[in-house]
Amino acid sequence: MKNRKSQFHSVFLLISLLSAHWCQAKESGFDYPELSVVPLASDRLVQQKETDRVEGLKTHANILFPASLTFIAGAGLLADGPRAGSQSDLNGAAPYIGMGVGALWWVATTVWIRPLDPYGKGLEEISKNTGKSTRDLLTRERMAEESIRRAAKVARRMKWLSVVSNLAVSALMGSAGKPDGFSNALAGISAVASLTPLIFKHRWEETEALQEEYKRRIYAPVAGPTLLSDPNGLSLSPGVSLSLRF
């Protein structure tokens, strides 16, 4: 009879521990990594908006650097002239195409990309939701995450368009220049520089990667039933095992 009471007591204790632990994890917000990550996505929007304002065009340095060298290579080809005996209209237009692509990237960055202000617009969107419930908090954080992803998506498109356009134009200028002219060297440098966005990530991409990495690091205590053996290893009793889930 005592053994039965003891077993019943052990099972009851096990159920109580599991229930209490589950409630604690629930109250701690472990079910919602968006609310547990530090910094929160909404805080990240505030930080990055301010960084964009302070750094200005430096935010887009990995795009503007190859654009500048493409423009310089085009100007060098214009000064050096196309290779002798070249009758191709494309070779004659190559320096203007190079300068045009380089200038176009500067115009696109200053007139279109920079004013996009994805973080600022994200803050405006989430500021409309002023509720204090868990649902409202989750809505704000998920909207903030969407803004971070939109910015990264724009940066990725810029990256590939920049690489393709600058590399293609650099190859064109290299083929149009004189074999022994200095413009050929400038075109080679421009071609190498066109790969800059692949080597150095845009800050908007880095922000998304960091936020996702911090979110993956959120851990939660997990409790599970198990059987524990007595010191002699002759009998088993119900127990609780605790672990951290990453």
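Residues numbered from 1 in each chain as written. Predicted model: local features only at pLDDT ≥ 70, side-chain atom pairs only at ≥ 80, totals over all residues. Heavy atoms only, no water.

Colleague: How do you make sense of the overall build of the chain when you look at a structure like this?
Modeller: Looking only at helices and strands, the chain features 10 helices and 2 strands. Helices and strands in the chain line up, N terminus first, as α-α-α-α-α-α-α-α-α-α-β-β. A buried classification covers 36% of the 246 residues belonging to the chain. By sequence separation, contacts in the chain at least 24 residues apart represent 78% of the contacts at least 6 residues apart. For the chain, the accessible area works out to roughly 14,700 Å², and carbon and sulfur atoms hold 62% of it. (Helix = DSSP H or I, 4+ residues; strand = E, 2+ residues; numbered from the N terminus. Buried < 20%, exposed > 50% of the residue type's maximum accessible area, 1.4 Å probe, protein only. Contact = heavy atoms within 4.5 Å. Areas by Shrake-Rupley, 256 points an atom, 1.4 Å probe, with all protein chains shown as cover.)

Colleague: Hey, could you run me through the nonpolar core in this one?
Modeller: The tendency in soluble globular proteins is for nonpolar side chains to be buried side by side. With 24 residues, the main nonpolar core has Leu 45, Ala 94, Trp 105, Tyr 119, Met 173 and Trp 204 as its most contacted residues. Secondary structure elements with two or more residues in this core: α3 (41-55), α4 (61-80), α5 (89-113), α6 (118-127) and α7 (134-176). A per-element tally of this core places α7 first, with 9 residues. Residues contacting Met 173, with those up to four places away along its chain left out, are Thr 70, Ala 73, Gly 74, Leu 77, Ala 94, Gly 98, Asn 184 and Ala 187. (Core = buried A, V, L, I, M, F, W, Y, C linked by side-chain atoms within 4.5 Å.)

Colleague: How should I be thinking about the side chain of Ser 42 in this particular structure?
Modeller: Position of Ser 42 relative to the elements: it lies in helix α3. When its relative accessible area of 13% is taken as the criterion, Ser 42 is described as buried. A polar contact is formed between the side chain of Ser 42 and the side chain of Glu 141, at a distance of 2.8 Å. (Polar contact = N/O pair within 3.5 Å; in protein donor to acceptor, adjacent residues only side chain to side chain.)

Colleague: What's the story with the confidence of the model for the chain in this structure? I'm lost.
Modeller: Interpretation of this model should avoid reading the predicted coordinates in detail wherever pLDDT is low. Averaged over all residues, the pLDDT of the chain is 81; the fraction at 70 or higher stands at 74%. With pLDDT under 50 throughout, residues 20-29 is counted as low confidence; its partners more than four residues away or in other chains account for 8 contacts. (pLDDT = per-residue confidence, 0-100.)

Colleague: Looking at this structure, how should I read the environment of Ala 151?
Modeller: By the element assignment, Ala 151 lies in helix α7. Taking relative accessible area as the criterion, Ala 151 reaches 0% and is therefore assigned buried. C-alpha separation for the pair Ala 151 and Gly 122, spaced 29 residues apart in sequence, amounts to 9.8 Å. Once residues lying within four places of it in the same chain are set aside, the contact partners of Ala 151 are Pro 118, Tyr 119 and Trp 204.

Colleague: What am I meant to see in the pattern of salt bridges here?
Modeller: Any two side chains of opposite charge can pair, on the condition that their charged atoms come close. Under the definition given, this model contains 11 salt bridges. One salt bridge in this structure joins Asp 117 and Lys 49, with 3.4 Å as the shortest N-O distance. With Asp 117 in the loop between α5 and α6 and Lys 49 in helix α3, this pair connects stretches of sequence that are 68 residues apart. Asp 117 sits in the partly exposed class, given a relative accessible area of 24%. In this structure, Lys 215 and Glu 145 form a salt bridge, with 3.2 Å as the shortest nitrogen-oxygen distance. In this pair, Lys 215 sits in helix α10 (residues 203-216) while Glu 145 sits in helix α7, placing the two residues 70 residues apart along the sequence. For the pair Lys 215 and Glu 145, a shared accessibility class is recorded, and that class is buried. (Salt bridge = Lys/Arg side-chain N within 4 Å of Asp/Glu carboxyl O.)

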